[in-house]
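# A look at the structure
Residues per chain, in single letters:
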Amino acid sequence: MSKIENYILGNWTSGAGEGVPLFDSVTGEIIGNASTQGIDFAEVLHYGRTKGGEKLRKMTFQERGNMIKSLALYLNKRKEHFYEISYRTGATRVDSWIDIEGGFGNLFANASLRKLFPNQSYHVEGDPIDLSRGGRFMAHHILVPKRGVAVHINAFNFPIWGMLEKCAVNWMAGVPAVVKPATSTSYLTEAVVREIIKSNILPEGAIQLICGSAHTLIDSIESQDVVTFTGSASTGRMLKSHPRIISEAVPFNMEADSLNASILGEDAVPGTPEFDLFISQARSEITVKCGQKCTAIRRMIVPENLVEDVQIALGKALDKVTIGDPRLKEVRMGSLVSKDQVEEVKNRVKEIARTASIVYGDLDKLDLVGADAKGAFISPMLLREDNPFENLTVHETEAFGPVSTIMPYKNLDEAIELAQMGKGSLVSSIVTNSDEIAKEYVINAATHHGRILVLNRENAKQSTGHGSPLPLLVHGGPGRAGGGEEMGGVRGIKHYMQRCAVQGSPTTLTEITGIYQPNSKYKETPQHPFQYHWEDIQPGMSLKTHKRTVTDTDIINFANLTWDHFYAHTDITSLKGSIFEKRTAHGYFILAAAAGLFVYPNKGPVAANYGLEECRFVRPIYHNDTIYVRLTCKQKIERDSVGKELPCGIVKWFVEVFDQNDELVAIATILTMVQKKSPFVQINRSNIESYLAKLTENATAKWGMMKPQHMVEHLEKSLRIASGEIQDFEISTPAEHLAKVNEMVFNHKPMPKDFKHPLMEKENTEVLVHADLATAKQKFIEAYDAFELYFKENPEATTKNAVFGILDKFEWDLMNVKHFNHHFEQFGIL
């Protein structure tokens, strides 16, 4: 019988002994055994802290984000394999979509957060704090990756999503993970981790997997580690009180199953879209994942006059749910995860039913499609508790399956109180078309819930639903829900980082934070800052401009140009009693005039003005006052290039405007898009000749089948295509993909090795056109000259490229640089 393996210390390892059998939830067959016997958990944690942690901590946020994005793309291409395995957990295709593609979606979402972080391994938080009147002593907060591991102890219901929604966050923070999934579904988690390891995208040690019992894992936890737990509240409380957690003060994030509530608004009567939405959502939350969701609706709180309507409508909706083999298209609900879980759910239903009535479903009878009693199947169960203020079991007992209970309320205050009687939940929802009802509920119920969905006809089509945690929103809740938080975008990443207040001089903190701090020393530059590419610009790089005197005519002309005729600028007879003494320059004129002083007029790396982040006018500028500007690089921000755009980063410039007395009159932070340096050697006639001179007949290609003369003739042909001499071919890229492919010309990514060019498919690489390499080189140079001459005489011309479509001269130059670099590198002549 096969063993479900652990991935630890850089190897796949089977635990000793027979292990625990894992069962197919649908057929009851044994899938394999899981064992952790013989594993030294202290060694596993140490390996993660050192091997994986050291590499992740050194990576920048941009590198981590791009790594996670690459992993998401890699896994997404292999998703069908995981669907086949997921069926064995009892999940339908829809259920598995939430787990599989929802997990990959978490990777994508967290990878995109790299744009909100600096291009360095640590983060700077908030605004600088001036600790002295002179501005020479200050503080700033930084966040650095913890030097430990993230230990994730996950529940059985989402073997993929549960792992990836946590790991994406700790990887973004620069912290490795040790994942301990629930044993019963660990075979699915193992399948995904195998692909992760096979991809070689993550550094070794960034993830380790433990499939099976790990009772002593917490014994080796240290203060720099973080422990997260998803599962039952009782198990969570036991782990949270572990002596090692307490003695080492280890951060412990708990996300426990909770008695989530959904409220039907008093306005949502039968016949309204909201009533139908409530019924549809309730059916979905009962049946999706066979009710095995920590966010599922366990309590439906309904106006007392609508209880019967809801009961009947929901019963009819549940009648349409077919139960059975999740592989079958007609099946809408699969099974629970195990036979043990079936018994657990039945026992919990019986507890609730001591005071509540079972109004739908049967614990003993079940019609199945394509399956039999060997599987872990159960009927959807709907209960009704008519006295929810007296009978408290419904607020204290959770049946973790397709089970929910309807209860009545007289007014909204009662609905809020009933929702709170669950003592804290991950999520609540209210279905209403009344914004007044929605506001009243949300403001008063928010103390007891981690997330609240307000659902109505306006957002129904786009709503992700009551039970869907989202990567950019906080997931967690108070009280019974565990009192923790995970995900939440940037907030989630910060859970794995140590916040530290740093005090020092502005100049020192500029160097530490990578952000220019006001009053720090300027870095004078030998040339205008706008002449530098993004990589060469550094925080503190500064320019002091020449001066300009603001005249009365300037102010009047600006008023006429903008139609801004505010009295301080145009009516000097009205200044008495105001803060102004003379005709005053418009604030935006000062800003515009400042730009005129600091902008570099010639074309250079600065591609565009990207916006204005802050602006403040400290004191007025009157006519005949003189101003000058101090322009200083404040911060650099990474940015993904979009469309036909050369790669750029964002530079924030701190603009200080001074008057003739050197007094500060205005400050602003402007943003510019600044082009990045090309990683390619630029191509011209002169260096082509010098590179070709290095190429000999016996040169060997680093990749591919080309010989030196083949390569030269190939590049010659590409130039003759560019200049229009050869155009008797079709564009091979499908029309629907052509725009995207064309955009690749503009990025800085090298061409892939061993790429099969479509026009070479019909060519035998052994057939050469020219007599020898020397002749081929000469013909190549002639083709280059012809290319340049063609576009000099026809500057607006465009010609076909077999892969990239129709290109103009600018695009051909970009493509040629990539193409020539690719083949010159292939033969080692760059």
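Let me sum up the structure you'll find in this document. Everything quoted here is computed from the prediction, not taken from an experiment.

Thresholds, definitions, all that
Residues numbered from 1 in each chain as written. Predicted model: local features only at pLDDT ≥ 70, side-chain atom pairs only at ≥ 80, totals over all residues. Heavy atoms only, no water. Helix = DSSP H or I, 4+ residues; strand = E, 2+ residues; numbered from the N terminus. Buried < 20%, exposed > 50% of the residue type's maximum accessible area, 1.4 Å probe, protein only. Contact = heavy atoms within 4.5 Å. Areas by Shrake-Rupley, 256 points an atom, 1.4 Å probe, with all protein chains shown as cover. Lys, Arg positive; Asp, Glu negative; His and termini not counted. Charge placed at Lys NZ, Arg CZ, Asp CG, Glu CD. Core = buried A, V, L, I, M, F, W, Y, C linked by side-chain atoms within 4.5 Å. 1 Å grid on protein atoms, 1.4 Å probe; cavity = no way out; pocket = protein on both sides within 12 Å on 5 of 7 lines; lining within 4 Å. Points joined across faces, edges and corners; volume = space filled by probe spheres on them. Nonpolar A, V, L, I, M, F, W, Y, C, P; charged D, E, K, R; others polar. Arc of directions from axis to C-beta. Pairing = 2+ DSSP bridges.

## Considerations on the overall build of the protein
- For the protein, the helix and strand inventory stands at 24 helices and 31 strands.
- Taking the principal axes of its C-alpha atoms as reference, the protein extends roughly 90 × 85 × 60 Å.
- Every one of the 830 residues in the protein was classed for burial, and the buried ones make up 55%.
- Within the protein, contacts between residues at least 6 apart in sequence are counted, and of these 75% link residues at least 24 apart.
- Put simply, the protein shows about 36,500 Å² of open surface, and 52% of that area lies on carbon and sulfur atoms.
- Positive and negative side-chain charges in the protein, numbering 90 and 101 respectively, have mean positions lying 4 Å apart.

## A short note on the nonpolar core
- If you look at the biggest cluster of nonpolar residues, it comprises 58 residues, and the most contacted ones within it are I263, M300, I301 and V302.
- Sorting elements by how many residues they give to this core places helix 9 (residues 273–287) first, with six residues.
- Excluding its chain neighbours within four sequence positions, the residues that come into contact with V302 are L264, F278, V307, V310, I406, M407, P408 and Y409.
- Grouped together as the second largest cluster of nonpolar side chains are 53 residues, Y7, L22, W171 and M497 included.

## Considerations on the side chain of R348
- Looking at the secondary structure, you find R348 in helix 11 (residues 339–352).
- With residues near it in sequence (within four places) discarded, R348 still touches T397, E398 and A399.

## Examining empty space enclosed by the protein
- Throughout the structure, instances matching the rule amount to three cavities of 30 Å³ or more.
- Every residue lining the largest cavity is listed: N154, A155, N157, F158, W161, G162, E165, K166, T230, E255 and C294.
- If one sorts the elements of the lining of the largest cavity by residue count, helix 5 (residues 161–173) sits on top with four residues.
- Looking at the lining of the largest cavity residue by residue, the class counts come to four nonpolar, four polar and three charged.

## Some details on helix 14 (residues 435–445)
- Where helix 14 is concerned, the buried positions are I437, A438, Y441 and A445. Along the axis of helix 14, the buried positions cluster into a sector of 100 degrees, meaning they face one direction only. Facing away from the buried surface of helix 14 by more than 90 degrees, the exposed residues are D435, E436, K439 and I443.
- On its buried face, helix 14 sits against strand 13 (261–264), helix 13 (412–420), strand 18 (428–431) and strand 19 (452–455).

## Section: the pairing of strand 28 (residues 648–659)
- With respect to burial, strand 28 is a largely interior element, twelve of its twelve residues being buried.
- What you see with strand 28 is no split at all: C648, I650, K652, F654, E656 and F658 on one side and G649, V651, W653, V655, V657 and D659 on the other are buried throughout.
- Alignment of strand 27 (residues 626–637) against strand 28, held across ten bridges, turns out to be antiparallel. Residue pairing across strands places V629 opposite V657, the latter belonging to strand 28.
- Two strands pair when backbone bridges link them, and strand 28 and strand 29 (residues 664–675) are joined in this way by eleven bridges, in the antiparallel orientation. Along strand 29, the bridge assignment pairs C648 with Q675.
- Hairpin connection between strand 28 and strand 29: a loop of four residues separates the two successive antiparallel strands, and D662 in this loop has a positive phi of roughly 60 degrees.

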